[in-house]
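Here are the chains, one letter per residue:
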Amino acid sequence: MGDFGRDVRLWFSPQRVREEGETPDYRFSLANERTFLAWLRTGLALVGGGFAVDQFLPDLRWGVRVGMALVLLGAGALCALRAVNHWVRCERAMRRGEDLPVSRFPALLSLAVGLVALAMVLAVVSGWTG
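Residues numbered from 1 in each chain as written. Predicted model: local features only at pLDDT ≥ 70, side-chain atom pairs only at ≥ 80, totals over all residues. Heavy atoms only, no water.

Using the following cut-off: UniProt positions are given in the numbering used here, feature names are shortened, and annotations may be inferred rather than shown by experiment.
The name an unreviewed UniProt entry gives the protein chain is Membrane protein, with Streptomyces roseolilacinus as the organism. In UniProt, the protein chain has this text filed under Subcellular location (unreviewed entry): "Cell membrane".

Pasting the structure below:
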């Protein structure tokens, strides 16, 4: 199952993270937790945006409205999953004295939000009639 499987198991038993390496400076662990919470807030905002697009833009063509809503909802769900996975990976790296993990996720999330924003601009400019 590899590192990913181990990371997923640690999502549900974070106390096991303490079994590895040495305890880092608590300020770094708290910063990691704040980053985790920021990703969760971002995920919640994206989910809220997805519901808002679906519920409050009834005049928008159905396929466009549902497509934008699904992109936002999916991005929100991925943000929540990424938050916990990234927290575990960073905490383990700090305890082991390794470099912090890098991720393409922020770039992919930015691209998805940018595409939805572009679709919204086009909908507003065209008068968003279905």
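Next comes the rest of the description.
With respect to the overall build of the protein chain
Using the following cut-off: Strands are runs of DSSP state E lasting at least 2 residues, helices are runs of H or I lasting at least 4, and numbering of each runs from the N terminus. What the globule rule says is 2.2 Å times the number of residues to the power 0.38, and the radius of gyration is computed from C-alpha atoms. Buried means the residue's accessible area, taken with a 1.4 Å probe over protein chains only, is under 20% of the maximum for its type, while exposed means over 50%, and partly exposed covers the values in between. Whether two residues touch is decided by their heavy atoms; if any such pair falls within 4.5 Å, the residues are in contact. Surface exposure here means Shrake-Rupley accessible area, sampled with a 1.4 Å probe, where a residue is shielded only by the protein chains that are shown. Counted as positive: Lys and Arg. Counted as negative: Asp and Glu. His and the chain ends are not counted at all. Charged side chains are reduced to one point each, which is NZ for Lys, CZ for Arg, CG for Asp and CD for Glu.
On a plain count of helices and strands, the protein chain comes out with 4 helices and 0 strands. Listed N to C, the secondary structure of the protein chain is α-α-α-α in terms of helices and strands. Computed over the C-alpha atoms, the radius of gyration of the protein chain is 19 Å, more than 25% above the 14 Å expected from 2.2 N^0.38 for a compact globule of 130 residues. In terms of overall dimensions, the protein chain has C-alpha extents of about 60 × 25 × 20 Å along its principal axes. Burial statistics for the protein chain: of 130 residues in total, 33% are counted as buried. A fraction of 73% describes how many contacts in the protein chain between residues 6 or more apart in sequence connect residues 24 or more apart. Of the roughly 8400 Å² of accessible surface on the protein chain, a fraction of 65% belongs to carbon and sulfur atoms. A distance of 3 Å separates the average location of the 15 positive side-chain charges in the protein chain from that of its 12 negative side-chain charges.

With respect to the nonpolar core
Formally: Here, the term nonpolar core denotes a set of buried Ala, Val, Leu, Ile, Met, Phe, Trp, Tyr and Cys residues that are joined through side-chain atoms within 4.5 Å.
Core analysis: the biggest nonpolar cluster contains 15 residues, and Trp39, Leu46, Val53, Cys79 and Leu109 have the highest contact counts within it. Breaking this core down by element, the ones donating at least two residues are α2 (26-56), α3 (62-96) and α4 (105-125). At 6 residues, α3 tops the list of elements feeding residues into this core. Ranked by size, the runner-up nonpolar core spans 6 residues in total, among them Trp11, Val17, Trp87 and Val88.

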